[in-house]
Amino acid sequence: MKVPYFDLQARLRPLRPQLDAAIARTLDNCSFCLGPDVAKFEADFAQWCEAKHSIAFNSGTSALHVAMQMLGVDPGAEVITTPFTFIATSWAIVYLGGKPVFADIDEATMNLDPKLLGRAFTARTKAVLPVHLYGHPFDLDPILAECKKRNIPLVEDTAQAHGARYRGKQVGTFGVMSGYSFYPGKNIGACGEGGALVTNDDAFALRAKSIREHGSSTRYYHDEIGYNYRMEGLQGAVLGVQLPHLTAWNTRRRAIAHRYHELLKGTPLRLPVEAAGCESVYHLYVVRHAARDKLKAHLEAAGIGSALHYPHPLHLQKCFASLGYQPGDFPVAERAARECLSLPIYPELTDAQVELVASAVKSFQDW
Ligand SMILES: *Cc1c(COP(=O)(O)O)cnc(C)c1O
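Structure report, in brief. (Residues numbered from 1 in each chain as written. Predicted model: local features only at pLDDT ≥ 70, side-chain atom pairs only at ≥ 80, totals over all residues. Heavy atoms only, no water.)

Brief notes about the nonpolar core
Counting residues in hydrophobic clusters, the biggest one holds 42 residues, and the most contacted among them are I80, F84, M110, V128, Y134 and L154. Residues lining this core come from more than one domain, with at least three contributed by each of domain 1 (8-244) and domain 2 (245-362). Apart from the residues lying within four places of it in its own chain, the contact partners of Y134 are F84, M110, Q160, S280, Y282, H283, L284, V286, H309, Y310 and C340. (Core = buried A, V, L, I, M, F, W, Y, C linked by side-chain atoms within 4.5 Å. Buried < 20%, exposed > 50% of the residue type's maximum accessible area, 1.4 Å probe, protein only. Domains from an automatic or database assignment. Contact = heavy atoms within 4.5 Å.)

Brief notes about the site of the ligand
The environment of the ligand is formed by 15 residues, the closest being G60, T61, D157, S181 and K186. Taking G60, its main chain carries an N or O atom lying 2.8 Å from an oxygen atom of the ligand. Note that an oxygen atom of the ligand is positioned 3.0 Å from one of the side-chain N or O atoms of K186. Those elements giving two or more residues to the shell around the ligand turn out to be α4 (60-70) and α5 (88-94). Grouping the amino acids of the shell around the ligand by side-chain chemistry returns five nonpolar, eight polar and two charged. (Near = heavy atom within 4 Å. Polar contact = N/O pair within 3.5 Å; in protein donor to acceptor, adjacent residues only side chain to side chain. Helix = DSSP H or I, 4+ residues; strand = E, 2+ residues; numbered from the N terminus. Nonpolar A, V, L, I, M, F, W, Y, C, P; charged D, E, K, R; others polar.)

Some remarks on the state of the cysteines
Considering all chains together, one arrives at zero disulfides under this definition. For C30, which is in no disulfide, the shortest distance to another cysteine sulfur is to C33 and amounts to 11 Å. On the basis of relative accessibility, which here comes to 48%, the residue C30 falls in the partly exposed class. Here C319 stays unpaired: no disulfide links it, and the sulfur of C340, its closest cysteine neighbor, is 18 Å away. (Disulfide = S-S within 2.5 Å.)

Overview of the environment of S181
Its place among the elements puts S181 in strand β8 (residues 177-181). With sequence-adjacent residues up to four places away left out, S181 is seen in contact with G60, A159, H162, K186, I188, G194 and G195. Polar contacts involving the side chain of S181 include one to the main-chain amide nitrogen of Y183, which spans 3.0 Å. Of note is the side chain of S181, whose polar atom sits 3.5 Å from the side chain of K186.

Considerations on the sheet that holds strand β2 (residues 78-81)
On the basis of which strands lie adjacent, the open sheet formed by three strands has the order β3-β2-β4 and parallel pairing. Of all the strands in the sheet, the pair left with one neighbour each is β3 (99-102) and β4 (125-129). Sheet twist, expressed as the mean angle between neighbouring strand axes with direction ignored, is 30°. Looking at chain direction, β2 and β3 are connected through four bridges and run parallel. Among the inter-strand pairings, E78 is bridged to a residue of β3, identified as K99. (Pairing = 2+ DSSP bridges. Axes fitted to C-alpha atoms, helices over the stretch in contact; angles between N-to-C directions.)

Here we look at helix α2 (residues 16-29)
The terminal C-alpha atoms of α2 lie 20 Å apart, and with 14 residues this matches the ideal 20 Å at 1.5 Å per residue to within 8%. All buried positions along α2 are accounted for by L19, A22 and T26. End-on, the buried residues of α2 take up no more than an arc of 65°, which puts them together on one face. Those residues of α2 that are exposed and angled more than 90 degrees off the buried face are R16, P17, L27 and D28. Structurally, α2 contributes buried residues whose contacts are with α1 (8-12), α3 (36-48) and α9 (233-242). (Expected span 1.5 Å × (residues − 1). Arc of directions from axis to C-beta.)

Looking at unusual backbone geometry
A cis amide bond links H309 with the next residue in sequence, Y310, at an omega value of 5°. Within the element layout of this structure, Y310 appears in the loop between α11 (292-301) and α12 (331-339). Even without being a glycine, C30 presents a positive backbone phi close to 55°. Notably, H214 is not glycine yet its phi reads approximately 60°, a positive angle.

Concerning the pairing of β8
Within β8, five of the five residues are buried, which leaves the element mostly enclosed by the surrounding structure. Residues M177, G179 and S181 point to one face of β8 and S178 and Y180 to the other, with burial holding for every one of them. Both strand β5 (residues 155-157) and β8 contribute to a ladder of three bridges, which runs parallel. Paired with V155 across the bridge in β8 is M177.

What about the packing of α11 against helix α13 (residues 351-362)?
Between α11 and α13, the shortest axis-to-axis distance is 9 Å and the interhelical angle comes to 130°. Classed by the angle they form, the pair α11 and α13 counts as oblique. In the crossing of α11 with α13, the sense of the turn from one axis to the other is right-handed. Here L295, H298 and L299 of α11 come into contact with α13, specifically with V357, A360 and V361. (Parallel < 35°, antiparallel > 145°, perpendicular 65-115°, else oblique. Left-handed = near helix turned anticlockwise from the far one by under 90°.)

Quick look at the structure:
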């Protein structure tokens, strides 16, 4: 493979001496569940996010789950969300017995379309949970306005958007809470699983810490139903090694995206856009075309890895059959699922590799 779709080894190789030292320190101090490295990472990540609190979790899914619980999502509650995302966004809702209510996406950014949000609210709506998909902010101003009009809280799924900006301000604190993921493939990744709940609200922060530890802030007293959602000490240690690099990594992702843009404009592909006032961190670089499957095979034959995010929208997943959605309900999301193709984008890609990807795309004739 000339250009692998993703290369985690290339990310970790230069950090190896520091990672080894951080892991050895954890083995020495035996702080395996939370502990000082996790506490330090929480403080540093909150600062990096320009937020008051960051509470470390064992995954992004867990962080979103706890956010939904704190907003009172329960059987009978509805949460408005996007059908075009990774399934974990909806897990946070259904784990509590709540019902995801999907609204279609915007054709240009593939994020929840603010124009379609209004009609999704009902008397049972407890929260709105959009995703900053691919690292591009969803349209916060009109979505916040719809929420404020009805006094419904907004939670941001920031699992793909560490450091993205909307009108100059970092995403993740526009809503009442946000959920980050440190899955290894994200813009910053644990050596295993990890996540964080970020908020400016003191009460949510305190409660999230308790729910993450069996619903207990005083040992053996359990105020509400909780989970074992603690971040491992080892993950706090390795994330602490990576965090100082995250800003530069995001800058490099943006440079690669801009290079792709220059090289690929003029091809029949629909290229990613940055909406006015938005700064994407390009977790993914997703192009679109109806001949997606043929193009993917062509790239594969040329030694170029690619991937699909996401080929099957959530409203048509078997696990959600009981929600009663049909093909055709969200035509924009369904078309995006048929056309999307993710090209390699990670900070370690060389300029030569980026050019190789672009020339392989350009050599495709079968549009
Ligand atoms: C990765 C991801 C999650 C879940 O994060 P995990 O850490 O894997 O649990 C949630 N939402 C979106 C959009 C994601 O991409």
